[in-house]
Amino acid sequence: MKTALYPGTFDPLTYGHIDIIGRASALFDRVIVTVAKNPKKTPLFTAEEREDMIREAVKSWPNVTCEIFDGLLVQFAKDRQATALIRGLRVISDFEYELQMAHVNRRLAQEVVTILMMPGEKYTYLNSSIVKEVASFGGDIQSFVPPFIAEKIKIKLIQK
Ligand code: ADP
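Remember, predicted model here, so these are calculated numbers, not experimental data.

Thresholds applied
- Residues numbered from 1 in each chain as written.
- Predicted model: local features only at pLDDT ≥ 70, side-chain atom pairs only at ≥ 80, totals over all residues.
- Heavy atoms only, no water.
- Phe/Tyr/Trp six-rings, centres within 6.5 Å; stacked < 30°, edge-to-face > 60°.
- Buried < 20%, exposed > 50% of the residue type's maximum accessible area, 1.4 Å probe, protein only.
- Helix = DSSP H or I, 4+ residues; strand = E, 2+ residues; numbered from the N terminus.
- Near = heavy atom within 4 Å.
- Polar contact = N/O pair within 3.5 Å; in protein donor to acceptor, adjacent residues only side chain to side chain.
- Areas by Shrake-Rupley, 256 points an atom, 1.4 Å probe, with all protein chains shown as cover.
- Nonpolar A, V, L, I, M, F, W, Y, C, P; charged D, E, K, R; others polar.

Novice: Where do I start with the packing of aromatic side chains in this structure?
Specialist: Aromatic rings in a pair are described by how distant their centres are and how their planes are angled relative to each other. Per the counting criterion, the structure on display carries four aromatic pairs. Between tyrosine 6 and phenylalanine 10, the ring centres sit 5.1 Å apart and the planes meet at 70°, which makes this aromatic pair edge-to-face. Of the residues examined, tyrosine 6 reaches a relative accessible area of 5% and is grouped as buried. Centre to centre, the rings of tyrosine 125 and phenylalanine 144 are 6.1 Å apart; their planes meet at 65°, and the pair counts as edge-to-face. Here phenylalanine 144 lies in the loop between helix H5 (128-136) and helix H6 (147-159) and tyrosine 125 lies in the loop between strand S5 (113-117) and H5, a separation of 19 residues in the sequence. Residue tyrosine 125 is classed as partly exposed on the basis of its relative accessible area of 45%. A relative accessible area of 12% means that phenylalanine 144 is categorised as buried.

Novice: Where do I start with the site of the ligand in this structure?
Specialist: Within the structure, the ligand sits among 16 residues, and Tyr6, Thr9, Lys41, Gly88 and Leu126 are positioned closest to it. The separation between an oxygen atom of the ligand and a polar side-chain atom of threonine 9 is 2.7 Å. Summarising the interface, the protein chains cover 89% of the accessible area of the ligand, which totals 540 Å² for the free molecule. When residues of the shell around the ligand are traced back to their parent elements, those giving at least two are strand S1 (3-8), helix H1 (15-27) and strand S4 (84-88). Among the residues forming the shell around the ligand, the class breakdown is seven nonpolar, five polar and four charged.

As structure tokens, then:
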């Protein structure tokens, strides 16, 4: 049973994240999308709201689940018997940070391997911040996130 974690903030989940989840779910027996609370980033959505959106978006993949975790990621990987950490690599500027994290995590836990996956090229420009920014100016975000997430972003921005 090969298990991978796909950690991130997912504030909110985009089609880029979903692309990576689909690729990982085909490679592993089990994929756990791991939501970091990340209060430092002052997320738009609570961790629970992000988790709910992910659960809804991944429900067609029976081997994908979602959990909130705040702490040392490699410890969570060990707790769940996960042997891989999946991270997305969009552009070369992602690489430096991901390489550093991969080395740190390997130093902390030799048995946990970091795998960098490239999304489909149409998602290389996409990140959660851009989606929130476009939405805040009333722009159309339909090609960035599933419709039910677009709706939740709109409601959240009105509430703010
Ligand atoms: P973090 O705060 O950990 O970077 P994110 O939610 O921004 O959390 O991203 C989680 C992971 O998903 C990261 O590895 C990031 O590189 C990857 N990712 C984000 N957007 C995309 C995308 N459009 N295509 C592929 N991977 C992506």
